[in-house]
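# Results of the structural survey
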Amino acid sequence: MKIAMIGSGYVGLVSGACFADFGHDVVCVDKDASKIERLNANIMPIYEPGLDALVKTNVDAGRLKFSTDLKASVDGCDAVFIAVGTPSRRGDGHADLSYVYAAAQELAGAIGPKTVVVTKSTVPVGTGDEVERIIADTNPTLEFAVVSNPEFLREGFAVHDFMKPDRVVVGTSSERAKKVMEDLYKPFVRQGNPILFMDEKSSELTKYAANSFLATKISFMNEIANLCEKVGADVDKVRIGIGSDDRIGKRFLFAGIGYGGSCFPKDVQALAKSSDDNKYDFKILKSVMEVNKRQRELFLDKIKKQIKSLKGKKIAVWGLAFKPDTDDIREAPALYLIERLLAAGAKISAYDPEAMSNTKKIFGEKIFLGNTHYEVLKNADALVICTEWPVFRTPDFDEMKKLMKSKTIFDGRNLYSKEQMKELGFNYFSIGR
Ligand code: NAD
């Protein structure tokens, strides 16, 4: 098939490259000309394991192209995916749908008959209807279909998740569109994972329900961790104790400094807002957000309690990305903590395996970015761990002791054993243990 991806970010680029790998002709479109220039020069605009090789293979095979020209790119396409951003609308927390609607408006005058327009961006219930209306208003005689196909890939595992999805969700009432989507996704679910067809509204809501449920698990465990600290229990033991129950499951039960990233914060907020709009008070979501915000503050309080005056203190930070294996720092807890530590007069020296250039764009010269995780520890009064990158899990503790001025670690991701840290002579503070 001939496919166009409108928006070549984490979702559009990965999806486009994966479809190309299954033999389709794909054009990834973006209005950011510098992104397209880099892609055409085989420079990845994002870090995602396996993506560069996948892109190169498919570009070399002539199946994957990049363009800023939406009109030319969608010409003759069987399916056009809208994969633009839907960030939080400034100020009020609703999903900002302006990029989706702008893309729909551009598509309206450009797509040919029988094109299936697929909304892959995460959008509130009813957005697909509005996309359809925009296209139909501009082009009343055109025969087309609008389908909802939310994306569930995880940054850091995006290629793997797209290639082997747990499930594919498709919302459509058009039999023809259903067939196109089935043909597109069949090769990805050969092991038997389902393609779930449903109505558009249920499909749109499924994506928000999935992210909000996962965020709820995180906030729930963070509250258990906080209680553990009060009563002298160990959240890691409680986690294993409950995670062994199949009904609960082992994943998403790690206590920490809260969720971040480009999806959970905005999606939980957008679902709460759309519930409000529909006169439904979604109480759990409000608590999930409140707990997540408080979790970072409690961690900062822990630091401030131990280091009475942060003024002039050198604080090393390990991990800037909102989670490992990505360079994405959107809503990363590390950014919040760095801002607050700077405001308290601390000097920050930070390291992240992939997210340093994105971080530099935000903090500039206000913080020092080191070349290795050891370099940033030189003369540090404390280390703050914000992201659980594998390289931080088994460091050379003796080397760390030699480098640090004070052997104090605030571990926001519970990477080390308390007993080991005690034996090694560190002042070690973690979450819920
Ligand atoms: P992103 O910000 O990385 O990429 C979006 C891209 O769209 C940008 O490059 C932007 O320049 C481009 N764009 C915007 N308007 C355009 C237009 N009219 N024409 C062409 N290009 C345009 O965003 P993302 O992280 O890929 O997310 C896209 C959507 O997918 C969002 O709704 C998000 O919630 C959802 N999603 C994201 C993830 C994830 O892990 N990042 C996972 C699942 C779903």
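Residues numbered from 1 in each chain as written. Predicted model: local features only at pLDDT ≥ 70, side-chain atom pairs only at ≥ 80, totals over all residues. Heavy atoms only, no water.

### Some words on the overall build of the protein
Secondary structure assignment for the protein yields 16 helices and 14 strands. Relative to the globule expectation of 22 Å for 433 residues, the C-alpha radius of gyration of the protein, 23 Å, shows essentially globular dimensions. Each principal axis of the C-alpha distribution contributes one length, and for the protein these read about 75 × 50 × 45 Å. Here the protein holds 433 residues, and 53% of them are scored as buried. (Helix = DSSP H or I, 4+ residues; strand = E, 2+ residues; numbered from the N terminus. Rg over C-alpha atoms; globule rule 2.2 N^0.38 Å. Buried < 20%, exposed > 50% of the residue type's maximum accessible area, 1.4 Å probe, protein only.)

### Digging into the pairing of strand 9 (residues 314-318)
With 4 of its 5 residues buried, strand 9 lies for the most part within the structure. In this sheet, strand 10 (residues 347-351) lies alongside strand 9 in parallel orientation, the contact comprising 5 bridges. Bridge pairing in strand 10 links Val-317 to Ala-350. The parallel pair strand 9 and strand 10 is bridged by helix 13 (residues 333-343), and the resulting crossover is right-handed. Of the pairings in the sheet, the one linking strand 9 to strand 12 (residues 382-385) comprises 4 bridges and is parallel in character. Paired with Ile-315 across the two strands is Ala-382, which belongs to strand 12. (Pairing = 2+ DSSP bridges. Right-handed = clockwise from strand over helix to strand, strands pointing away.)

### So, the packing of aromatic side chains
According to the stated counting rule, one finds 17 aromatic pairs in the structure shown. Between the aromatic rings of Phe-22 and Phe-188, the centroid separation amounts to 4.3 Å while the plane-to-plane angle is 50 degrees, which identifies the pairing as tilted. Note that Phe-22 is positioned in the loop between helix 1 (10-21) and strand 2 (25-29) and Phe-188 in the loop between helix 8 (175-185) and strand 8 (195-198), a separation of 166 residues in sequence. On the basis of relative accessibility, which here comes to 4%, the residue Phe-188 falls in the buried class. Across from the ring centre of Phe-157, 4.2 Å away, lies the NZ or CZ of Arg-154, which sits over that ring. Over the face of the ring belonging to Phe-197 we find Lys-178, whose NZ or CZ atom lies 5.0 Å from the ring centre. (Phe/Tyr/Trp six-rings, centres within 6.5 Å; stacked < 30°, edge-to-face > 60°. Lys NZ or Arg CZ within 6 Å of the ring centre and 35° of its normal.)

### Some remarks on the domain arrangement of the protein
One can read the domain layout of the protein as domain 1 (2-198) and domain 2 (202-433). On a C-alpha basis, the centres of domain 1 and domain 2 stand 32 Å from each other. The interface of domain 1 with domain 2 comprises 32 residues on the first partner and 24 residues on the second. In total, domain 1 and domain 2 occlude about 2,200 Å² of area from one another, counting both sides; carbon and sulfur atoms represent 53% of this. On the domain 1 side of the contact with domain 2, Tyr-47, Thr-122 and Glu-155 bury the most area, a combined 27% of that side's loss. Where domain 1 touches domain 2, the interface holds 1 salt bridge. When the shortest N-O distance is used, the salt bridge between Arg-330 and Glu-155 registers 3.9 Å. Linking domain 1 with domain 2 are 13 residue pairs in polar contact (both at pLDDT 80 or more). Elements represented by at least two residues in the side of domain 1 that touches domain 2 include exactly helix 6 (127-138) and strand 7 (168-171). With 3 residues, the single largest contributor to the side of domain 1 that touches domain 2 is strand 7. In terms of residue class, the side of domain 1 that touches domain 2 is made up of 15 nonpolar, 12 polar and 5 charged. (Domains from an automatic or database assignment. Contact = heavy atoms within 4.5 Å. Buried area = accessible area lost by both parts, 1.4 Å probe. Salt bridge = Lys/Arg side-chain N within 4 Å of Asp/Glu carboxyl O. Polar contact = N/O pair within 3.5 Å; in protein donor to acceptor, adjacent residues only side chain to side chain. Nonpolar A, V, L, I, M, F, W, Y, C, P; charged D, E, K, R; others polar.)

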